[in-house]
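# Chain and residue survey
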Amino acid sequence: MTKEQALYNYCVRLGDNALVQSYRLSEWCSNAPILEEDLALTNMALDMTGRAQLLLQYAGKVAGHGKTADDMAYRRAEREYRNDLISELPDADFAFTMVRQMLVSTFECFLYAALVSSSDKEIAAIAAKAVKEARYHMAHTSEWVIRLGDGTEESNRRAQSALNILWSYTGGLFETTDADALLLSEGMAADVSQIKTKWQENIEAILREAKLILPADDYQQTGGRQGLHTEYLGHMLTEMQYLHRTYPEAIW
Amino acid sequence: MVNTTYTKSQIIDLLAGIPDPEIPVVSIQEMGMLRDVVITEEGYDIIITPTYTGCPAMGRIEQDILGMMEQHDIAPAKVTLTLDPAWSTDWMSDEAREKLRKYGIAPPLHSSCNKARFGDNVIHCPICNSEHTSMVSRFGSTACKSLYRCNSCLESFEYFKCH
């Protein structure tokens, strides 16, 4: 694998994570439990769309095949998507969304903080913007996890049951491939093995305050890096790509 | 053929007046979005930077810049988006902050982006200047603002987030 191919894969993975998260968050539009959360979830979705656009556009540029961010989003099949499985799971309820976003945004705070010093100038520039937004997302969602976990019996039950499901997908955040090793040696990628300890400490502190218990079973479901997804991504893409598949040359 | 009768500072002066599409009381220059003007043999290159990655105003700003250049017959002109260095509210001038406050938006606190949960920043009400305010919603009508309420004069207002 060449350096360009590895960089392309890396950008696609970061871009797909932003895109898939954006899609799941925007599904809450007009469905959130309160107006303020409708605003919050869609604002976070907008940040993610912006991030996905920058990363997928850059991936197209690195590959040199002239594909735009739209081509990348709307004209790739499920197995070509490289997002983490945790991001594609459907939202069972509001607690599920908040616990998921807290787990992922906390990871992204460390990931993008590390990528600010990437030797790839474009990745570093995108990371400098993304890290500020991720910190805001983490602050917001961790507040909610604490409110829900340390709230009523019902809100605690929902937050705990979300955590029980989501925890087995967090391993995917730290999944690496040969391409990562290549980029790491070039100082382009972030070392996720170093992020893991800091991430876990932060998560455990939030969960303690939220009176939530880390699941004892540590089985981790991975596969996103190889394009092996849950059944849910295909359904999401069917809806997301409908217009572009029906009217292939459609433009605004 | 490039019309070289215009200097960089003349172009910047010309574009400095373009208002922010979402907060028309401040200009794109006061917001720190207008970064540079590069004049080469190929024409005028206007360098701008987005506030937030998903800022939907960027398309409109590009159109406004190109419109202004065309109106003054300055050609050829193009707009280039740059991400580095990342935009920060720290670039906002004191005049711009005062304009925001008069417009009813509490300006961002200087260089003090608060990462703490359940934020403890004191945001002064832009209407009565009271410090007894509380956050209603962390997110607001645009990516760059959140919603507050003044507990003294009871008005609700927007706060321009630190970024």
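Structure: see above.
Residues numbered from 1 in each chain as written. Chains lettered and ligands numbered in written order. Predicted model: local features only at pLDDT ≥ 70, side-chain atom pairs only at ≥ 80, totals over all residues. Heavy atoms only, no water.

Here we come to the overall build of chain B. When helices and strands are tallied, chain B shows three helices and seven strands. Helices and strands in chain B line up, N terminus first, as α-β-β-α-β-α-β-β-β-β. The C-alpha extent of chain B, read off along each of the three principal axes, is 60 × 25 × 25 Å. Taking all 163 residues of chain B together, the buried fraction comes to 45%. In chain B, of all internal contacts separated by at least 6 residues, the share reaching a separation of at least 24 is 52%. Carbon and sulfur atoms provide 49% of the accessible area of chain B, an area that totals close to 8,100 Å². Here chain B contributes 14 positively and 21 negatively charged side chains, and the mean placements of these two sets differ by 10 Å. (Helix = DSSP H or I, 4+ residues; strand = E, 2+ residues; numbered from the N terminus. Buried < 20%, exposed > 50% of the residue type's maximum accessible area, 1.4 Å probe, protein only. Contact = heavy atoms within 4.5 Å. Areas by Shrake-Rupley, 256 points an atom, 1.4 Å probe, with all protein chains shown as cover. Lys, Arg positive; Asp, Glu negative; His and termini not counted. Charge placed at Lys NZ, Arg CZ, Asp CG, Glu CD.)

All names here are of chain A. The final tally for this structure, using the stated rule, is 20 salt bridges over all chains. In this structure, E27 and R24 form a salt bridge, with 3.1 Å as the shortest nitrogen-oxygen distance. Note on E27: relative accessible area 33%, which makes it partly exposed. A relative accessible area of 8% places R24 in the buried class. Connected through shared salt-bridge partners, D93, E154, R157 and R158 make up one network. (Salt bridge = Lys/Arg side-chain N within 4 Å of Asp/Glu carboxyl O.)

Residues and elements named next belong to chain A. On the surface, Y242, L243 and Y247 cluster together into a nonpolar patch covering about 360 Å² of accessible area. With respect to the helices and strands, the residue L243 is situated in helix α11 (residues 242-246). Under the relative-accessibility criterion, L243 is labelled partly exposed at 45%. (Patch = residues over 30% accessible without salt bridge, like charges linked within 9 Å, V, L, I, M, F, W, Y side chains within 5 Å.)

Once that is clear, we can look at the packing of aromatic side chains. Any two aromatic rings considered together are summarised by their centre-to-centre distance and by the angle between their planes. Residues and elements named next belong to chain A. Here the structure, examined in full by the defined rule, presents nine aromatic pairs over all chains. Between F94 and W144, the ring centres sit 5.1 Å apart and the planes meet at 90°, which makes this aromatic pair edge-to-face. Note that F94 is positioned in helix α5 (residues 94-115) and W144 in helix α6 (residues 121-149), a separation of 50 residues in sequence. Overall, the relative accessible area of 11% leaves F94 in the buried class. The exposure class assigned to W144 is buried, which follows from its relative accessible area of 16%. Measuring from ring centre to ring centre gives 5.6 Å for W167 and W199, while their planes differ by 15°; the resulting arrangement is stacked. (Phe/Tyr/Trp six-rings, centres within 6.5 Å; stacked < 30°, edge-to-face > 60°.)

Another aspect to go through is helix α10 (residues 231-240) of chain A. Residues and elements named next belong to chain A. Within α10, the full set of buried residues consists of L233, G234, M236, L237 and M240. For α10, the angular spread of buried residues about the axis comes to 165°, placing them on one side. For α10, the exposed residues lying more than 90 degrees away from the buried face are E231, H235, T238 and E239. The elements touched by buried residues of α10 are α1 (3-26), α3 (69-74), α4 (85-88) and α11. (Arc of directions from axis to C-beta.)

Looking now at the sheet that holds strand β3 (residues 77-81) of chain B. All names here are of chain B. If you trace the three strands from one edge of the open sheet to the other, you get β1-β2-β3, paired in mixed fashion. With one partner strand each, in any of the chains shown, β1 (34-40) and β3 form the two edges of the open sheet. Direction aside, the axes of adjacent strands within the sheet are offset by 20° on average. Bridge count between strand β2 (residues 43-48) and β3: five bridges; the pairing is parallel. Paired with I46 across the bridge in β3 is V79. Across the sheet, helix α1 (residues 8-16) is in contact with β1 and β2; its angle to β1 comes to roughly 140°. On the sheet, helix α2 (residues 58-71) packs against β2 and β3 and is oriented at approximately 155° with respect to β3. (Pairing = 2+ DSSP bridges. Axes fitted to C-alpha atoms, helices over the stretch in contact; angles between N-to-C directions.)

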